[in-house]
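# A closer look at the structure
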Amino acid sequence: MHRAIPAIGNMTSKGVLIDREYLEKLAVDWEAETSMKVLELNKAVGHPINWNSPKQKAELFYDELGFVQVNKRSTDAKTVAILRKKYDHIVLENLSELGSRNTIYNTFIKGILERLDFEDTLYTSFNQTATATGRLSSTDPNLQNIPARIGNTIRKAFIARPGHIFVNIDYAQLEFRVIAHYAKDETAIEYINANKDIHRMVASLFYDIPENEVTKEQRQQAKVTTFGLQYLRSVKAIADEFEISIAEATKRINILKKLFPGIFQFLTDTVNFVEENHYVESILGRRRRFTLINEYVRQDVHRQSVNAPIQGTASDICVYGGIVRPYEEYPKSRGLINVHDSILFEPTIENLKEFMSIIPDMMRVVPFETDVKFDVEIKVGENWGEMEDYNGK
């Protein structure tokens with residue numbers, strides 16, 4: 001999509017204003033809390049340790065605590081994760097938390113502060129060719145990878161410029177709508193087009209209860225299980241994730257097969273196609289090749305072959321409707337950041353109503369013929385971390 005190049009370049013060049021004072025205070029608080037974590041670790045061990053020293057950590061793990069050696073006395077994050085599965089030890093738990101805190105600090109607190117220009121503007125880079133599926137990636141820093149548990153705290157530092165307001169427009173259930181389009185599944189399309197809560201309906205079937213009695217947790221399990229179809233998740237994987245029996249997981253898959261026969265036929269047809277042709281293709285012609293298919297990689301190839309056209313088409317919809325068309329047809333929209341299926345815009349407050357009358361409808365139009373309705377969810381706010389549903393006023 002060559003039209004995307006100037007649009008993405010324009011989005012990158014805008015940059016986003018950062019509340020330096022807020023982020024500097026967050027840095028001080030974060031450092032203090034991290035220091036307390038280090039003291040807690042030292043107390044648990046009984047003596048101080050340089051937790052940045054692999055040698056000292058190895059001596060603690062394998063000599064003092066007697067852990068079974070992993071990868072020649074390794075102490076990296078992957079090793080800590082492996083050891084946590086074997087040992088229920090407070091040091092491993094706290095060390096994992098410490099590592100996570102350091103990563104967040106270096107990437108999204110200190111890292112952002114170090115990248116600000118003299119006007120406190122942050123510029124990230126968006127790349128259209130770095131992912132196999134065609135999704136835009138973000139680097140220096142990767143704003144698509146802000147951890148969920150601390151996300152809004154970090155995003156509060158991203159503020160609208162004076163006289164402007166943030167508008168976040170997110171495609172609703174984009175990948176599931178794409179699957180419904182590919183599969184021509186009647187039930188999926190009916191529920192989507194009628195704005196019904198398909199995950200609540202699925203949960204009611206999973207738990208054999210009325211839809212109005214479905215809990216938030218039950219709906220979430222149904223949602224994760226349904227979205228897992230595009231990754232060809234096994235019965236065992238579902239059973240393990242939700243800590244249910246193989247029989248219960250099998251029952252849930254059978255419910256989905258009966259409910260969405262078109263989707264399961266699409267999955268089968270796609271796997272058969274890639275076995276014969278060694279490639280898959282999105283609606284707009286984004287092709288992914290699989291030159292080698294054998295017993296060692298077959299399962300991974302099948303998963304990727306199903307996922308690639310779904311992710312690729314979702315990416316094309318988002319780039320076309322959320323980045324290219326606003327740039328070409330309404331330059332005042334000021335697109336700033338793309339995260340997965342959402343675009344963060346920064347129109348002027350004076351222009352907000354006009355913006356709302358144009359951009360959401362523009363994004364609802366997809367670049368191909370379909371019977372599936374595509375919709376968006378809209379939030380507004382003065383900063384990226386505290387946004388509220390748009391009420392039309």
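Now for a quick tour of the structure. (Residues numbered from 1 in each chain as written. Predicted model: local features only at pLDDT ≥ 70, side-chain atom pairs only at ≥ 80, totals over all residues. Heavy atoms only, no water.)

### A few points about the environment of Pro147
- One can find Pro147 in the loop between strand S4 (137-139) and helix H6 (151-155).
- By relative accessible area, Pro147 is classed as partly exposed at 23%.
- When the C-alpha atoms of Pro147 and Phe108 are compared, they prove to be 9.6 Å apart, with 39 residues separating the residues in sequence.
- Apart from residues no more than four positions distant in its own chain, Pro147 is found in contact with Ile104 and Phe108. (Helix = DSSP H or I, 4+ residues; strand = E, 2+ residues; numbered from the N terminus. Buried < 20%, exposed > 50% of the residue type's maximum accessible area, 1.4 Å probe, protein only. Contact = heavy atoms within 4.5 Å.)

### Quick word on the sheet that holds strand S10 (residues 342-345)
- Across the sheet, which stays open at both edges, the 5 strands sit in the order S9-S10-S6-S11-S12 with antiparallel pairing between neighbours. The open sheet has two free edges, formed respectively by strand S9 (335-339) and strand S12 (388-389), since each of these has just one partner strand.
- Pairing of strand S11 (residues 376-381) with S12 involves 2 bridges; the strand directions are antiparallel. From the neighbouring strand, Val380 faces S12, where its bridge partner is Glu388.
- On the sheet, helix H15 (residues 352-364) packs against strand S6 (166-171), S10 and S11 and is oriented at approximately 20° with respect to S6. (Pairing = 2+ DSSP bridges. Axes fitted to C-alpha atoms, helices over the stretch in contact; angles between N-to-C directions.)

### A few points about the sheet that holds strand S5 (residues 158-159)
- Taken together, 3 strands build an open sheet; the order of strands is S2-S1-S5 and the sheet is antiparallel. Single-partner strands in this sheet number two, and they are strand S2 (121-122) and S5.

### Concerning the packing of aromatic side chains
- Counted according to the given criterion, the structure contains 10 aromatic pairs.
- Arranged with centres 5.2 Å apart and planes meeting at 70°, the rings of Phe158 and Trp384 form a pair that is edge-to-face. Of this pair, Phe158 sits in strand S5 while Trp384 is found in the loop between S11 and S12, placing the two residues 226 residues apart along the sequence. Each member of the pair, Phe158 as well as Trp384, is classed as buried.
- Of the aromatic side chains, those joined through ring pairs into one cluster are Phe61, Tyr62, Phe67 and Tyr87.
- Here Arg101 stacks its cationic end above the ring of Trp30, 4.1 Å away from the centre of that ring.
- Here the basic side chain of Arg155 rests over the ring of Trp384, its NZ or CZ set 5.2 Å away from the ring centre. (Phe/Tyr/Trp six-rings, centres within 6.5 Å; stacked < 30°, edge-to-face > 60°. Lys NZ or Arg CZ within 6 Å of the ring centre and 35° of its normal.)

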